[in-house]
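Structural features, examined
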Number of protein chains: 2
Amino acid sequence: MFDIFEGDFKVQEETNISQAVVSRLPRYFRYLGDLKDEGVERISSHELSVRMNVTASQIRQDFNHFGGFGQQGYGYNVTYLYDEIAKILGLDKKHNLIIVGAGNLGQALANYMNFEKRGFIIKALFDRNTELHGKVLRGGIKIYPMEELENFIRENDIDIAVLTLPKAGALECSSKLVDNGIKAIWNFAHTDLDVPGDVAVENVHLSDSLMKLSYNEKKRFDKE
Amino acid sequence: MFDIFEGDFKVQEETNISQAVVSRLPRYFRYLGDLKDEGVERISSHELSVRMNVTASQIRQDFNHFGGFGQQGYGYNVTYLYDEIAKILGLDKKHNLIIVGAGNLGQALANYMNFEKRGFIIKALFDRNTELHGKVLRGGIKIYPMEELENFIRENDIDIAVLTLPKAGALECSSKLVDNGIKAIWNFAHTDLDVPGDVAVENVHLSDSLMKLSYNEKKRFDKE
DNA sequence: CTACATTTGTGTAATTATTGACAGTTGTTT
DNA sequence: AAACAACTGTCAATAATTACACAAATGTAG
């Protein structure tokens, strides 16, 4: 009788993890990957807390949001935990990406691609600059004109769009992407987007990040 | 008599602003820049809150951490507030940067450079790849061999280092940077750094960010 | 097989962050 | 020039996040 309520509650909770927790998951995943590479089979929240410089309590609490992955008296099995977090993060499935804006950053991301190892496949770039059209980057990724964007999305099962455009075009472009069914935008444009609630946006505002660094550098200087 | 205590307290507080607040400053700065461009002279916390989609209370409280920039019954003078936030973020001074690691990302950042407008001047890149040595990028920025790193830092008043290296070399490199007096590291390497407390580090873990996006996309999908 | 050290999951406390409320000040209108 | 509306700075309340503490479970050593 109580179990039913508990169950319902859990499910509801699972869809409502705070971003504070979510932000930490990739870092856990990274450290667990390292442990795997080192051949470590099991690890306790305490050991991990020392490595990662966080509290063991936070680690246990974070993992518990998704159900218990550990065992009392034993700890966590590294490979199992690694795989589970991968699933939570959606890394067990392939994602098809397009990059909109083939400037320095767009091309760098296309060439960079450690992401492919994790199942994020870049299918194409798009740009309005006609000089770039037809250019082929590493791995045969091609730059297309903007006009082909809509068709490409529909025909290639694209779910994530990377926005590496100047501020001006970004907003307009984001609505076009959304209209064509994109459900996730990785936004490098120097502006905030305004999209429906069912579209995920992850902002990478490099300038903001650099300013934060500048503040923190200054602060430490001021202290002396 | 009381003023003295109040004063002391303020100063102490000023050096201890939470990162939650600091993270919001660049965004305020961005919106204030837009307002300036639009020719808006004054703005209330309420108006700004609508634009930025945050609470007016948070805006007032945030600004108050650094002393009051507004006036009761009037609001905030856009230009004044913009300039004050610039000062807080250390944008009133020039910063000399070097980029360590002249791969795709390093070169893209060097070429990209809207940062120069804000006083972040890239002075040079460094890489171990001999094929790149001597290559000149936009604005005359040159790629040097790693061996010249230490001298260059000392002779060119560098305060910020941008780390765009693969994971393996990043840790070793960061200690070298710190040893030569770097006080701020913008870390794009796929690993956490271990530096003394007086060195500011700002991490830009692109993979982490992408995984977060993947989680949030998945979550929205799960809901239906 | 028993005693003990280890470790998770979880309820609770403490801390931090955000929001609400309002006194006091300023600008504006009549 | 008085009355009123708009607005900040700040105190208090609420909400969210993090840390603590311990019962229950497991592995290990003697």
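A short tour of the structure in this document, coming up.

**Overview of the overall build of chain A**
Secondary structure summary: chain A contains nine helices and 10 strands in total. Oriented by its inertia axes, the alpha-carbon framework of chain A measures out at about 65 × 60 × 35 Å. In chain A, buried positions account for 50% of the 224 residues. When contacts within chain A are restricted to residue pairs at least 6 apart in sequence, those whose partners lie at least 24 apart make up 54%. Positive and negative charge centroids in chain A, built from 27 and 33 side chains respectively, lie 5 Å apart.

**A short note on the layout of surface pockets**
Approximately 910 Å³ is the volume found for the second largest pocket. Lining the second largest pocket are 37 residues, and of these B:L165, B:P166, B:K167, B:G169 and B:H190 lie nearest its centre. Within the residue set of the lining of the second largest pocket, elements represented by two or more residues are α2 (19-38) of chain A together with α6 (104-112), α8 (167-179) and α9 (206-222) of chain B. With six residues, the single largest contributor to the lining of the second largest pocket is α2(A). Split into classes, the residues belonging to the lining of the second largest pocket amount to 14 nonpolar, 11 polar and 12 charged.

**Some remarks on the protein's contact with DNA strand D**
In the vicinity of DNA strand D there are 24 residues, among which A:Q72, B:S45, B:N64, B:Q72 and B:Y76 approach most closely. Close to the protein, within 4 Å, the atoms of DNA strand D belong to sugar or phosphate groups at a rate of 62%. Here a base nitrogen of DNA strand D and a side-chain polar atom of A:R60 are 3.1 Å apart. Between DNA strand D and B:Y76, the relevant distance is 2.9 Å, taken from a phosphate oxygen to a side-chain nitrogen or oxygen of the residue.

**What about the relation of the copies chain A and chain B?**
Overlaying chain A on chain B yields an RMSD of 0.0 Å, the required transformation being a rotation through 180° with an accompanying axial translation of 0.0 Å. Given the turn and translation reported, the copies of this chain are related as if by a two-fold rotation axis. Judged by C-alpha distance, A:A108 is the residue of chain A that lies nearest the rotation axis, at 3.1 Å. A shared binding surface is used by both copies, with 100% of the interface residues of chain A retained as interface residues in chain B.

Definitions and limits used
- Residues numbered from 1 in each chain as written.
- Chains lettered and ligands numbered in written order.
- Predicted model: local features only at pLDDT ≥ 70, side-chain atom pairs only at ≥ 80, totals over all residues.
- Heavy atoms only, no water.
- Helix = DSSP H or I, 4+ residues; strand = E, 2+ residues; numbered from the N terminus.
- Buried < 20%, exposed > 50% of the residue type's maximum accessible area, 1.4 Å probe, protein only.
- Contact = heavy atoms within 4.5 Å.
- Lys, Arg positive; Asp, Glu negative; His and termini not counted.
- Charge placed at Lys NZ, Arg CZ, Asp CG, Glu CD.
- 1 Å grid on protein atoms, 1.4 Å probe; cavity = no way out; pocket = protein on both sides within 12 Å on 5 of 7 lines; lining within 4 Å.
- Points joined across faces, edges and corners; volume = space filled by probe spheres on them.
- Nonpolar A, V, L, I, M, F, W, Y, C, P; charged D, E, K, R; others polar.
- Near = heavy atom within 4 Å.
- Polar contact = N/O pair within 3.5 Å; in protein donor to acceptor, adjacent residues only side chain to side chain.
- Least-squares fit on C-alpha atoms with pLDDT ≥ 70 in both.

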